[in-house]
Number of protein chains: 2
Amino acid sequence: MKLLEEKILKDGVIKSGNVLKVDSFLNHQIDVPFIAELGKEFKRLFADQKITKILTIEASGIGIACIAGMYFGVPVVFAKKSSGSNMDKDVYFTQIYSYTHNKVNDVVVSKRFLNVEDKVLIIDDFLANGCALEGLIDLVRQAGAAVQGVGVAVEKGFQGGGDKLRAAGIRVESLAIIDKMDAQSGTIQFR
Amino acid sequence: MKLLEEKILKDGVIKSGNVLKVDSFLNHQIDVPFIAELGKEFKRLFADQKITKILTIEASGIGIACIAGMYFGVPVVFAKKSSGSNMDKDVYFTQIYSYTHNKVNDVVVSKRFLNVEDKVLIIDDFLANGCALEGLIDLVRQAGAAVQGVGVAVEKGFQGGGDKLRAAGIRVESLAIIDKMDAQSGTIQFR
């Protein structure tokens, strides 16, 4: 998606360690009118699918998932990273390794919010190694629901997670795929 | 707001310890078309204010804040609960006690996303003792920005946080205020 690639070139900051900071519009400050264009694009890409629910994971997936939800007109469920004191005990459970925080998170979704009739679109802000999405797919499958596809804003193509999911037969639509980036020169090469 | 009161009566579950579960539409599953009506209502209530930015806190505030942001046409900034490894070091910092998780969270907002010219609407899903909102107000004031008001979906009026903020001169608009609730009988009394 040209619009997103241009935004990344304009506002993204490449840091050492293959970190791309897009926190000015995607995952700390959320540029709502801009992200609305991404939401519309997800709706266009998955117009052939009857989506009943969008699934994402806290925290940074929630904004883009809810904005996309405005165009799909369906509920958003966000998987939670730990079991709070008033969290339902009757949950689907998985574990997701976070490279950013170097820890394994227990991730849960209440069984009340995913069921066998659901046709789920999984949305997240970032796709790198694919751990988070694999965990979400696991949760959907535990519920006996169908994964209709995965929609991601920024895929770090060089980390391989997206292609691994595609090879496993998952439809992955990333609005921008970065094949190469270089912190020293500040250059980004899109697929 | 009648619509929200009816939804709480229909789908809310009162648990012992003054816990109201509204996770089927507000803070685990987000009923996007329904929450859109709340977003519209915030826009109507604060139509007299020139809002430049919405501030909320991860995770459960993000959905309602972003949906409201669609009607205000402004960016949403969400305060983060801990300093991730690729988090900006140049942040406004406060501490917020969470009764739900019985811990003090370090909460930050990058200085790049709040400044003296901002007229901020703070939005959150819940208001009980007011700790989270006091922390967010602190962050706005550190930036020298103006708090134009606070918009909350559900206020537990009997916990006093809302009235404390109002007494301090903050404009607080809660779409439903619960003055009393009883787990045994399952009754809720709205203000």
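Keep in mind that what you see is a predicted model, and the values were worked out from it rather than measured.

Novice: Which residues make up the overall build of chain A, and what are the values?
Specialist: For chain A, the count of helices and strands is five helices and eleven strands. Against the compact-globule benchmark of 16 Å for 191 residues, chain A has a radius of gyration of 16 Å, which places it among compact chains. Taken over the C-alpha atoms alone, chain A extends approximately 50 × 35 × 30 Å along its principal axes. Long-range pairs, those at least 24 residues apart, make up 60% of the contacts in chain A between residues at least 6 apart in sequence. For chain A, the exposed surface amounts to about 7800 Å²; the carbon and sulfur share of it is 47%. Considering chain A, the positive charge centre built from 24 side chains and the negative charge centre built from 23 side chains are found 1 Å apart.

Novice: I'd like to hear about the interface of chain A and chain B, residue by residue, with values.
Specialist: At the junction of the two partners, chain A supplies 42 residues and chain B supplies 42 residues. When the buried surface of chain A facing chain B is broken down by residue, His28, Gln29 and Met70 of chain A rank first, second and third, together holding 22% of it. A salt bridge links Arg112 of chain B to Asp23 of chain A; the nearest nitrogen and oxygen atoms lie 2.6 Å apart. For the side of chain A that touches chain B, the secondary structure elements donating two or more residues are strand E2 (19-21), strand E3 (29-30), helix H2 (32-45), helix H3 (60-72), strand E5 (76-79) and strand E7 (103-110) of chain A.

Novice: An account of the relation of the copies chain A and chain B is requested, with residue identities and associated values reported.
Specialist: Comparison of the two chain copies shows a relationship of rotation about an axis with a shift along it. For these two chains of identical sequence, chain A goes onto chain B by a turn of 180° and a shift of 0.0 Å along the axis, with RMSD 0.0 Å. Such a combination of turn and shift is consistent with a two-fold rotation axis. A share of 100% of the interface residues of chain A reappears at the interface of chain B, consistent with the copies meeting face to face through the same patch.

Novice: Describe the packing of helix H1 (residues 2-11) of chain B against helix H2 (residues 32-45) of chain B, naming the residues involved and giving the relevant values.
Specialist: Describing two packed helices takes the angle between their axes plus the distance from one axis to the other. All names here are of chain B. Following both chains from N to C, one finds H1 and H2 inclined at 145°, their axes separated by 10 Å at the closest point. Between H1 and H2 lies a crossing whose hand is left-handed. Contacts between H1 and H2 involve Leu3, Leu4 and Lys7 from the former and Phe34, Glu37 and Leu38 from the latter. Of the residues that constitute the contact of H1 with H2, the class distribution is four nonpolar, no polar and two charged.

Novice: Requested: an account of the pattern of salt bridges, with residues and values cited.
Specialist: Residue and element names in this part refer to chain A. Under the defined criterion, the tally for this structure stands at 32 salt bridges over all chains. For Asp11, the salt bridge identified is with Lys10, shortest N-O distance 3.5 Å. Look at Asp11 and you get partly exposed, because its relative accessible area is 24%. Residue Lys10 is classed as exposed on the basis of its relative accessible area of 66%. For the salt bridge of Arg166 with Asp163, the shortest nitrogen-to-oxygen distance reads 3.0 Å. Linking Arg166 with Asp163, this pair stays in helix H5 (residues 161-167), spanning three residues, or about one helical turn.

Novice: For the packing of H2 of chain A against H3 of chain A, give the residues involved together with the corresponding values.
Specialist: Residues and elements named next belong to chain A. One can describe the packing of H2 onto H3 by two numbers: an axis separation of 8 Å at closest approach and a directional angle of 55°. Here H2 is positioned oblique relative to H3, judged by the angle of their axes. Between H2 and H3 the crossing geometry is right-handed. For the pair formed by H2 and H3, the contact residues are Val32, Ile35, Ala36, Leu38, Gly39, Lys40, Phe42 and Lys43 on the first element and Ile64, Ile67, Ala68, Tyr71 and Phe72 on the second.

Novice: So what's going on with the sheet that holds strand E8 (residues 119-127) of chain B? Which residues, and what values?
Specialist: Strand order in the open sheet formed by seven strands is E3(A)-E5(B)-E4(B)-E8(B)-E9(B)-E10(B)-E11(B), with mixed pairing between adjacent strands. Edge positions in the sheet fall to E3 of chain A together with strand E11 (187-190) of chain B, since each of these pairs with one other strand and no more. Both strand E9 (residues 146-156) of chain B and strand E10 (residues 172-182) of chain B contribute to a ladder of six bridges, which runs parallel. Its bridge partner lying in E10 of chain B, Val154 of chain B is registered against Ala176 of chain B. Lying over the sheet, H1 of chain B contacts E9, E10 and E11 of chain B, oriented at roughly 165° with respect to E11 of chain B.

Procedures and definitions
- Along each chain, numbering runs from 1 in the same order as the chain's sequence is written.
- Chains and ligands are labelled by the order in which they are written, letters from A for the one and numbers from 1 for the other.
- In view of the model being predicted, local features appear only for residues whose pLDDT reaches at least 70, and side-chain atom pairs are presented and counted only at 80 or more, with totals across whole chains, interfaces and linings using the full set of residues.
- Calculation of side-chain values draws on the structure's entire complement of heavy atoms; hydrogens and water are dropped beforehand.
- Put simply, DSSP H or I for four residues or longer makes a helix, DSSP E for two residues or longer makes a strand, and each gets a number counted from the N terminus.
- Note on method: radius of gyration uses C-alpha positions; expected globular size equals 2.2 Å times residues raised to 0.38.
- Note on contacts: a residue pair is in contact if any heavy atoms of the two residues lie within 4.5 Å.
- All accessible areas in this document rest on Shrake-Rupley with a 1.4 Å probe, and a residue is counted as covered only by the protein chains that are shown.
- Counted charges follow a simple rule, with Lys and Arg positive, Asp and Glu negative, and His plus the chain ends left uncounted.
- All charge positions are set by atom: Lys at NZ, Arg at CZ, Asp at CG, Glu at CD.
- The term buried area refers to how much accessible surface (probe radius 1.4 Å) is lost by two components on association, counted for both of them together.
- The salt bridge definition used is simple: a Lys or Arg side-chain nitrogen within 4 Å of an Asp or Glu carboxyl oxygen.
- Only residues with pLDDT of at least 70 in both copies count here: their C-alpha atoms drive the least-squares fit that superposes the copies.
- Note on definitions: angles span 0 to 180 degrees between N-to-C directions of axes, and those axes are lines fitted to C-alpha atoms, for helices only across the stretch in contact.
- Left-handed describes a crossing whose near helix is turned anticlockwise from the far helix by less than a right angle; the clockwise case is right-handed.
- Polar here means any residue outside two lists: the nonpolar Ala, Val, Leu, Ile, Met, Phe, Trp, Tyr, Cys and Pro, and the charged Asp, Glu, Lys and Arg; Gly therefore counts as polar.
- Each residue is placed in one exposure class: buried if its accessible area under a 1.4 Å probe, protein chains only, is under 20% of its type's maximum, exposed if it is over 50%, and partly exposed if it falls in between.
- If an angle is under 35 degrees, it is roughly parallel; if it is over 145, roughly antiparallel; if it lies from 65 to 115, roughly perpendicular; otherwise it is oblique.
- When DSSP finds at least two bridges between two strands, those strands are taken to pair.

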